[in-house]
Structures are given as structure tokens and as C-alpha cells.
Amino acid sequence: MSKISFKSFNNTNPLFIAGPCSIESYDQMKTLLSTQNFPSFIRGGIYKMRSNPDSFQGLGDKAIEIISELKKEFTFNFVTEISDPRQIEKLGPITDVYQVGTRNMYNYELLKELNTHDTPVILKRGFSATVKEWVGAAGYLSNLGVDRILLCERGIRTFETTQRNTLDIGSIIYLKQNTNFKVIVDPSHALGVARMVTPATKAAIAAGSDGAIIEVHPNPEMAMSDGAQTINIQDFLSLQKEFLPNL
Ligand code: PEP
Ligand code: MN
């Protein structure tokens, strides 16, 4: 039975999950893990779901080796996206929290499979999904129980073009008022712009979000994916300190 529960996190003690869009190297991940006060929940893409087949697809097996090595040296909860039940064999041994991405919120066969394991799941909102469809998808994970599911608002597609997506703060308020689910925000994919990440996180937590998953890279300009929306370690730690001053 997985020991991870998100029960203790809430908008006065928010959960922070941080790390790069994609795992790129051992050194990149080691730098984050060696940083004092970096969260113990670390994200990193292994099999990337890119909109274009020519874009970087993630390191795959090589990234699995990197995380296995680092797990021998550091204690952390590894969060990564799963897009196909066939990935469980390789991802299972190193993954503490599965992330179901926006493109897979409607992948009910994947959700049914994850419902037979005890690994907690972050269920991102489909970029065109209504809140009711999103809550419906979460119903496929009922065996996990509300303490092992995080609903992640990551922005939806609208007519607006100044941001990558439109951050729906209303969905966070609605979910907190009408369901028992824990909710987090992904300001990185919602806004798509690094300098909008901090204010968007604050807005979401003010609206009731129980935490945030944020793209952080030791050197965002060099990131192999999503660099424009990725913040550096220092900016992340400053943001985190505003919510967790006693760290
Ligand atoms: C990600 O977290 O790297 C990602 C691809 O997110 P989303 O599925 O929300 O686009
Ligand atoms: Mn990304």
C-alpha cells in the first residue's frame, strides 16, 4: 500500500511539486535534488506527449536509469506523466505519483488501469474539458480515494491568445466548494510565460488551491522543452517561501 496521502496539504499548507518539463541529464536532476529546501515532490517528463512528432520526445529509458540512480542517493517522491498502461512496467518501480496529462484525461482505459494500482494520481484537466467531465474522469480512480488523487487545473483552450491557455480560477473555487477533491494548479502550462508563474500561483492558492506543480530548471534558457514557461531555482524558492516561511 502506498504511504503517500495528500491529506495534510491545503491552501494554508500548500503542496509544491517542482522540476523540469523533461528530464535531460543526471546533473540537471541532481542539481535540483541537492538544493536546500527544494520540494521532496519532484516532477520530470520521461515519455513526453508533444504536439509535434519532431519535438523532443523525452529521454525515455535513459531517464529511468537517471531516476533509479538518484533514488539510491536521495529521498524524494518522483512525479511523472504516464500516457499508456504499457508504461507501467518501466515507470512503476521509480514513480511515486503518476501524472495523467491534459491529452489523456479522457483516456478511460488508462484511468481504469491506474485504478487497479495504489500509486497516487494527478489528473490534469483536459484542455477542452468541462469541470463535470473532469470530475467524471476522476470517478474512474475511485479505488485510490480522495486523499490519493489531485485534480490539476492547467488552463483551458479559449479564444484568448496572449497566454498559452486560459487559467480557470473559477474551476478551483467550484471544486473546493462542491467536491472533496484536493486541487492543485499548474501555472506553467496554463500561462506559458515564466514571469506569469508566480502571480498565477498566488491567485490560485488564494482561490483555494491546495498546491502547485511548477516547471523549474537550473537553467531555463537551456531547457529542451517548455523553457519559456520555466522558472529558475531561485525564483521558485522565493515563491515557495511566501507560503512556507518556516522551511
Ligand atoms: C507537463 O506537465 O509536462 C505537461 C505536458 O502537461 P499538460 O498535460 O498539462 O500539457
Ligand atoms: Mn511542460
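Since we're looking at a predicted model, the values are computed, not measured. (Residues numbered from 1 in each chain as written. Chains lettered and ligands numbered in written order. Predicted model: local features only at pLDDT ≥ 70, side-chain atom pairs only at ≥ 80, totals over all residues. Heavy atoms only, no water.)

Peer 1: How should I be thinking about the coordination of the manganese ion (ligand 2) in this particular structure?
Peer 2: Around a metal, the idealised angle for a tetrahedral arrangement of four donor atoms is 109.5 degrees; for an octahedral arrangement of six donor atoms it is 90 or 180 degrees. The coordination sphere of the manganese ion (ligand 2), as far as protein atoms go, consists of C21 (SG), H189 (NE2), E215 (OE) and D226 (OD), spread over 2.0 to 2.4 Å. All donors of the manganese ion (ligand 2) belong to a single chain; written as a sequence motif, their spacing is C-x167-H-x25-E-x10-D. With C21 in the loop between β1 (15–19) and α1 (26–33) and D226 in the loop between β8 (211–215) and α9 (233–243), the pair connects residues that are 205 residues apart, well separated along the chain. (Donors = N, O, S within 2.8 Å, 3.2 Å for Na, K, Ca; no water. Helix = DSSP H or I, 4+ residues; strand = E, 2+ residues; numbered from the N terminus.)

Peer 1: Where do I start with the site of ligand 1 in this structure?
Peer 2: Residues in contact with ligand 1, as listed here, are C21, R43, K48, E81, Q99, G101, T102, R103, K124, R154, H189 and E215. K48 has a polar side-chain atom sitting 2.9 Å from an oxygen atom of ligand 1. Between ligand 1 and K124 there is a distance of 2.8 Å, counted from an oxygen atom to a side-chain nitrogen or oxygen. The residue inventory of the shell around ligand 1, partitioned by class, reads 1 nonpolar, 4 polar and 7 charged. (Near = heavy atom within 4 Å. Polar contact = N/O pair within 3.5 Å; in protein donor to acceptor, adjacent residues only side chain to side chain. Nonpolar A, V, L, I, M, F, W, Y, C, P; charged D, E, K, R; others polar.)

Peer 1: Got a minute to help me understand the packing of aromatic side chains in this structure?
Peer 2: The geometry of an aromatic ring pair comes down to the distance between the two centres and the angle between the two planes. Here the structure, examined in full by the defined rule, presents 6 aromatic pairs. Taking 5.9 Å as the distance between ring centres and 80° as the angle between the ring planes, the aromatic pair formed by F16 and F236 counts as edge-to-face. Of this pair, F16 sits in strand β1 while F236 sits in helix α9, and the two are 220 residues apart along the sequence. With relative accessibility at 4%, the residue F16 sits in the buried group. (Phe/Tyr/Trp six-rings, centres within 6.5 Å; stacked < 30°, edge-to-face > 60°. Buried < 20%, exposed > 50% of the residue type's maximum accessible area, 1.4 Å probe, protein only.)

Peer 1: What am I meant to see in the pattern of salt bridges here?
Peer 2: It is possible for side chains of opposite charge to pair when their charged atoms get near one another. As enumerated under the stated definition, the model contains 14 salt bridges in all. A salt bridge links K7 to D147; the shortest N-O distance between them is 3.7 Å. Highlighted residues: K7 in the segment before β1 and D147 in the loop between α5 (131–139) and β6 (149–153), separated in sequence by 140 residues. Owing to a relative accessible area of 26%, D147 belongs among the partly exposed residues under this scheme. For R125, the salt bridge identified is with D168, shortest N-O distance 2.8 Å. Of this pair, R125 sits in the loop between β5 (121–124) and α5 while D168 is found in the loop between β6 and α6 (169–178), placing the two residues 43 residues apart along the sequence. Comparing R125 with D168, the two get one shared label, buried. One connected set of salt bridges, linked through shared partners, spans R125, E153 and D168. (Salt bridge = Lys/Arg side-chain N within 4 Å of Asp/Glu carboxyl O.)

Peer 1: Which parts of the structure should I look at to understand the pairing of β6?
Peer 2: A regular strand places its side chains so that they alternate between the two faces of the sheet. Burial runs high along β6: 5 of the 5 residues are buried. Residues I149, L151 and E153 line one face of β6 and the alternating positions L150 and C152 line the opposite face, and both faces are buried. Pairing geometry for β5 and β6, over 4 bridges, is parallel. By the bridge assignment, L123 is partnered in β6 with L151. Considered for its hand, the β-α-β crossover made up of β5, α5 and β6 is right-handed. Pairing geometry for β6 and strand β7 (residues 182–185), over 4 bridges, is parallel. Within the sheet, the bridge partner assigned to L150 lies in β7 and is K182. Following the backbone out of β6, through α6 and into the adjacent parallel β7, one traces a crossover that is right-handed. (Pairing = 2+ DSSP bridges. Right-handed = clockwise from strand over helix to strand, strands pointing away.)

Peer 1: What is the right way to look at the nonpolar core in this model?
Peer 2: Note on soluble globular proteins: their nonpolar side chains tend to be buried together. Residues I46, L114, L123, I214, V216 and F236 are the most contacted members of the largest nonpolar core, which totals 61 residues. If we skip the residues at most four places from it in the chain, F236 touches F16, A18, F38, P39, I214, V216 and I231. The next biggest cluster of nonpolar side chains, apart from the first, holds 13 residues, and it includes F9, F41, V97 and L150. (Core = buried A, V, L, I, M, F, W, Y, C linked by side-chain atoms within 4.5 Å. Contact = heavy atoms within 4.5 Å.)

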